[in-house]
Number of protein chains: 2
Amino acid sequence: MISITEALQLIDQHAAQLPPQQVAALTAIGCLLAEEVASDVDSPPHDKAMMDGYAVVAADLASGVAELEVIEEITAGNMPTKAVARSQAARIMTGAPIPSGADAVVMIEQTQPLENNRVRIEATGIATGKNIMPKASSLACGVTVLPSGKRLRALEVGVLAEVGRSEVSVVPRPRVAVLSTGDELVDVTEKPGPGRIRNSNGPMLLAQIAAAGGVAENLGIARDVREELTEKIACGLEADILVLSGGVSAGVLDLVPSVLAQQQVTQVFHKVHLKPGKPIWFGKRDVDGKTTLVFGLPGNPVGSLVCFELFVRRAIGILAGLTSNELQSAEVTLAETFTHRGDRPTMFPARWADATQQTALPLAWKGSADLAAMASADLLLQFRAGDAEYRAGDRLAGLIL
Amino acid sequence: MISITEALQLIDQHAAQLPPQQVAALTAIGCLLAEEVASDVDSPPHDKAMMDGYAVVAADLASGVAELEVIEEITAGNMPTKAVARSQAARIMTGAPIPSGADAVVMIEQTQPLENNRVRIEATGIATGKNIMPKASSLACGVTVLPSGKRLRALEVGVLAEVGRSEVSVVPRPRVAVLSTGDELVDVTEKPGPGRIRNSNGPMLLAQIAAAGGVAENLGIARDVREELTEKIACGLEADILVLSGGVSAGVLDLVPSVLAQQQVTQVFHKVHLKPGKPIWFGKRDVDGKTTLVFGLPGNPVGSLVCFELFVRRAIGILAGLTSNELQSAEVTLAETFTHRGDRPTMFPARWADATQQTALPLAWKGSADLAAMASADLLLQFRAGDAEYRAGDRLAGLIL
């Protein structure tokens with residue numbers, strides 16, 4: 001059985017960044033840019049007023065006071081029609097083009113309109129260029145504004161809009177299909193009969209995929225019947241990643257590995273030295289240039305949750321071209337003495353024991369099927385393999401849920 | 001002019017949590033639960049096998065070795081039909097119900113099938129209850145599984161599914177409408193003519209809203225014409241928050257405040273002691289039991305970005321019932337000497353100067369219209385009002401973008 005580290009290395013070896021795709025910029029937040037973006041405009045397109053006020057000749061205000069003739073009013077979106085000469089000014093709005101002749105803008109608060117199209121200005125320190133943003137000073141046509149490989153934020157969506165790009169080439173979000181398997185499963189909307197339980201892993205995985213940056217596709221529940229599994233797995237292999245929930249432990253009805261083999265999915269590993277989550281299965285299909293990664297997650301809900309966060313999240317990050325897509329990790333202090341028994345490295349649910357999230361307390365947790373108790377978990381504490389008593393104050397690694 | 005702190009206090013006073021709404025659980029990640037959720041099932045619904053293996057009478061394995069008669073095979077989703085007596089065992093799959101008479105499960109790896117429906121077991125430490133999860137031990141019918149007020153994660157979506165809830169009552173995400181105003185604006189898909197610029201704030205705000213947990217609604221661009229502004233603002237007032245981009249500085253064409261007043265939007269504040277972002281406007285409309293908050297953001301892109309992150313993000317958080325929805329803040333070290341001039345507290349774009357994100361370097365930044373330069377910003381550094389020289393090593397507050 002391989003270790004968690006070995007499993008992660010195998011995922012790193014078999015997963016690769018997806019080819020670029022043209023998408024709407026607004027849907028691409030968090031994605032890596034896959035092209036270099038250059039400006040198609042000068043910004044500002046002209047010398048531009050930074051304030052509402054008056055465009056003036058700076059030399060007229062050398063003394064700090066002046067009365068000037070107002071020759072026109074320039075609003076944002078309109079071009080000046082007259083040049084400003086000495087002793088003249090043009091009323092101007094923020095963003096509007098500076099008229100020729102003018103070389104400074106005085107803010108409106110320092111001015112007082114007079115009769116007969118005149119204005120009185122009291123303002124010191126009005127030098128050439130004051131409150132003017134020169135043409136192309138922010139951005140010149142042809143200049144690169146965003147380098148390839150940059151991760152897009154709202155800010156970059158604004159820059160893309162400025163240079164006319166509502167669509168852009170990015171490394172797309174991986175499409176991740178989820179198929180829950182097992183005769184015992186009924187849909188969340190049904191009341192389970194004798195021996196049946198609701199499919200809680202399916203919806204949880206769909207939510208985990210979205211939170212991890214993937215695009216989730218729901219394939220529902222497949223019975224433990226070869227034909228049904230074959231059909232739904234074939235459908236899931238159209239995605240970038242297929243996540244199977246259940247069907248990978250050693251039971252005689254676990255048809256999944258055989259159906260996968262039939263569909264040219266090659267096993268990379270099966271079983272990891274980890275609790276919960278030991279039965280995890282990972283494989284890959286490469287057919288006609290299309291690659292699909294396949295994860296078989298344990299049917300028990302907490303094992304499924306843990307394996308997703310450790311392994312599937314990693315794969316989603318690699319396909320999306322991200323250097324890190326992991327849960328946030330933290331070194332935390334154990335709040336109380338705790339005895340951990342187990343032959344495998346364990347991810348144990350815990351909650352914060354203090355408001356500053358420095359100390360943690362393992363939950364009273366009944367094992368990998370106990371999802372309800374997990375809901376009060378804030379993090380997973382990592383215990384090493386082997387029985388050991390941990391003391392209050394011991395430092396442990398944790399993954400924040 | 002009020003301070004940033006005073007502005008935030010006024011927002012806190014006028015914003016209130018939205019009334020609960022029934023939504024699909026899968027769309028509610030990050031939302032606050034607005035009801036107490038109880039289980040409608042026992043989980044597990046029966047004593048259940050935790051392993052693939054054999055259900056046995058523990059006493060038969062007192063010596064550590066036994067050969068037992070295999071009386072049936074129980075798969076998950078099927079009920080046992082026979083009781084297990086001494087010297088008997090039932091083949092059982094993970095998750096399947098424990099047959100009456102059996103009180104432990106031996107894992108498959110410790111067993112060896114023999115001829116004539118018999119099995120040889122070598123296993124020590126098989127006590128009553130081994131590898132069995134008792135009925136209702138995870139969850140008993142009627143017990144609360146999720147308290148009202150809990151913030152939903154993928155984990156909680158799993159728990160909700162387990163108790164039959166695909167829909168749930170939550171504090172919904174606020175609907176935030178965006179209207180860009182200004183005669184100088186053209187849509188991102190157009191090439192701007194003389195005196196025109198593309199509307200970069202609109203798309204950036206839509207992206208910021210989604211990132212801050214709101215549901216963005218795009219109202220496009222309104223010209224500086226009373227009828228058009230009136231119609232589009234009326235439409236925007238149907239949302240929980242209306243964000244206007246531009247139209248709130250002191251220009252004579254700034255019709256926006258007057259149109260808002262006409263539509264019963266009352267001003268709460270106008271102008272904040274902040275750079276960039278001074279002209280920000282905030283108001284509220286309460287008509288027929290419907291409340292809408294209205295923000296008028298500066299038309300310059302960096303002022304718009306900063307005001308959104310400081311003020312609109314805060315309002316979105318309050319409406320969504322979140323205790324915090326702020327950008328992540330951090331104390332950072334200035335990497336180089338820097339002179340800051342200005343009469344207002346300033347949010348200054350900066351980038352990380354080291355890989356561990358401890359030290360930061362202010363950008364060569366040309367002011368609030370310089371969005372392109374902002375794209376290399378990792379954070380906003382906060383400088384106090386007044387001219388001052390900051391030294392390498394000085395500690396400053398930063399907001400991570």
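Residues numbered from 1 in each chain as written. Chains lettered and ligands numbered in written order. Predicted model: local features only at pLDDT ≥ 70, side-chain atom pairs only at ≥ 80, totals over all residues. Heavy atoms only, no water.

The name given to chain A in an unreviewed UniProt entry is Molybdopterin molybdenumtransferase, with the source organism recorded as Blastopirellula retiformator. Its UniProt record gives chain A the following Sequence similarities (unreviewed entry) comment, quoted word for word: "Belongs to the MoeA family." Taken from UniProt, the Catalytic activity (unreviewed entry) comment for chain A reads in full: "adenylyl-molybdopterin + molybdate = Mo-molybdopterin + AMP + H(+)". (UniProt positions renumbered as here; feature names shortened; annotations may be inferred.)

What to know about the overall build of chain A
Of the regular secondary structure elements, chain A holds seven helices and 27 strands. Its C-alpha atoms give chain A a radius of gyration of 32 Å, clearly above 21 Å, the size a compact globule of 401 residues would have. Overall, the C-alpha framework of chain A stretches about 95 × 55 × 40 Å when taken along its three principal axes. The proportion of buried residues among the 401 residues of chain A is 55%. In chain A, of all internal contacts separated by at least 6 residues, the share reaching a separation of at least 24 is 70%. Averaging the locations of the 35 positively and 45 negatively charged side chains of chain A gives two centres separated by 5 Å. (Helix = DSSP H or I, 4+ residues; strand = E, 2+ residues; numbered from the N terminus. Rg over C-alpha atoms; globule rule 2.2 N^0.38 Å. Buried < 20%, exposed > 50% of the residue type's maximum accessible area, 1.4 Å probe, protein only. Contact = heavy atoms within 4.5 Å. Lys, Arg positive; Asp, Glu negative; His and termini not counted. Charge placed at Lys NZ, Arg CZ, Asp CG, Glu CD.)

Examining the pairing of strand β8 (residues 111–114) of chain B
All names here are of chain B. Pairing of β8 with strand β9 (residues 118–122) involves four bridges; the strand directions are antiparallel. If you follow Leu114 over to β9, its bridge partner there is Arg118. Two successive antiparallel strands, β8 and β9, enclose a turn made up of three residues, where Asn116 displays a positive phi of approximately 55°. (Pairing = 2+ DSSP bridges.)

So, the interface of chain A and chain B
The interface is formed by 79 residues belonging to chain A together with 79 residues belonging to chain B. Three residues stand out in chain A for area buried against chain B, namely Leu155(A), Arg198(A) and Ala375(A), and they jointly supply 10% of the buried area on that side. Put simply, chain A and chain B have six salt bridges between them. For the interface between chain A and chain B, the tally reads twelve residue pairs in polar contact (both at pLDDT 80 or more). (Buried area = accessible area lost by both parts, 1.4 Å probe. Salt bridge = Lys/Arg side-chain N within 4 Å of Asp/Glu carboxyl O. Polar contact = N/O pair within 3.5 Å; in protein donor to acceptor, adjacent residues only side chain to side chain.)

Quick look at unusual backbone geometry
Ser43(A) connects to Pro44(A) through a cis peptide bond whose omega is -10°. Structurally, Pro44(A) is set in the loop between β2 (37–38) and β3 (48–49). The residue after Lys275(B), namely Pro276(B), is reached through a cis peptide bond having omega -5°. Along the chain, the position of Pro276(B) falls in the loop between β18 (266–270) and β19 (281–287). A positive phi angle, close to 60°, is found at Gln357(A), a residue other than glycine. Here Gln357(A) lies in the loop between β23 (346–352) and β24 (359–362). Among the residues examined, Gln357(A) registers a relative accessible area of 45% and is labelled partly exposed. Backbone geometry at Asn116(B) places phi at a positive 55°, although glycine is not the residue there. Relative accessible area serves as the criterion here: at 69%, Asn116(B) is assigned to the exposed category.

Quick notes on the packing of aromatic side chains
Residue and element names in this part refer to chain A. Counted under the stated rule, the structure contains 14 aromatic pairs over all chains. Each ring, one from Phe269 and one from Phe311, has its centre 6.5 Å from the other, and the planes form 65°; the classification is edge-to-face. A residue pair is termed long-range when its members are at least 10 positions apart, and Phe269 in strand β18 (residues 266–270) and Phe311 in helix α6 (residues 301–319) qualify at 42 residues. Among the residues examined, Phe311 registers a relative accessible area of 0% and is labelled buried. Over the ring of Tyr54 we find Arg91; its NZ or CZ atom is 5.5 Å from the centre of that ring. (Phe/Tyr/Trp six-rings, centres within 6.5 Å; stacked < 30°, edge-to-face > 60°. Lys NZ or Arg CZ within 6 Å of the ring centre and 35° of its normal.)

Some thoughts on the domain arrangement of chain A
Interface size is commonly expressed as the accessible surface area that is lost when the partners come together. Domain annotation of chain A identifies domain 1 (4–18 + 173–319), domain 2 (22–43 + 141–170), domain 3 (48–133) and domain 4 (329–400). Inter-centroid distance (C-alpha atoms) of domain 2 of chain A to domain 4 of chain A is 43 Å. (Domains from an automatic or database assignment.)

Let's talk about the packing of helix α1 (residues 4–14) of chain B against helix α6 (residues 301–319) of chain B
All names here are of chain B. At a minimum axis separation of 10 Å, α1 and α6 run at an interaxial angle of 25°. Relative to α6, the element α1 lies roughly parallel. For the crossing formed where α1 meets α6, the hand is right-handed. For the pair α1 and α6, contact is made by Ile4, Ala7, Leu8, Ile11 and Asp12 and by Leu310, Phe311, Arg314, Ala315 and Ile318, respectively. (Axes fitted to C-alpha atoms, helices over the stretch in contact; angles between N-to-C directions. Parallel < 35°, antiparallel > 145°, perpendicular 65-115°, else oblique. Left-handed = near helix turned anticlockwise from the far one by under 90°.)

So, the relation of the copies chain A and chain B
Structural alignment of chain A on chain B gives an RMSD of 0.0 Å, achieved by rotating through 180° and translating 0.0 Å along the axis. The symmetry that links the two subunits is that of a two-fold axis. For chain A, the minimum C-alpha distance to the rotation axis belongs to Ala211(A) and amounts to 6.3 Å. (Least-squares fit on C-alpha atoms with pLDDT ≥ 70 in both.)

Brief notes about the sheet that holds strand β21 (residues 329–334) of chain A
In spatial order, the strands read β21-β24-β23-β25-β27 (chain A); together these five strands close into a barrel with mixed pairing. Sheet twist, expressed as the mean angle between neighbouring strand axes with direction ignored, is 55°.

A look at helix α3 (residues 201–211) of chain B
A large share of α3(B) lies buried, amounting to nine of its eleven residues. In the segment just after α3(B), Gly213(B) is the residue with positive phi, at about 95°.

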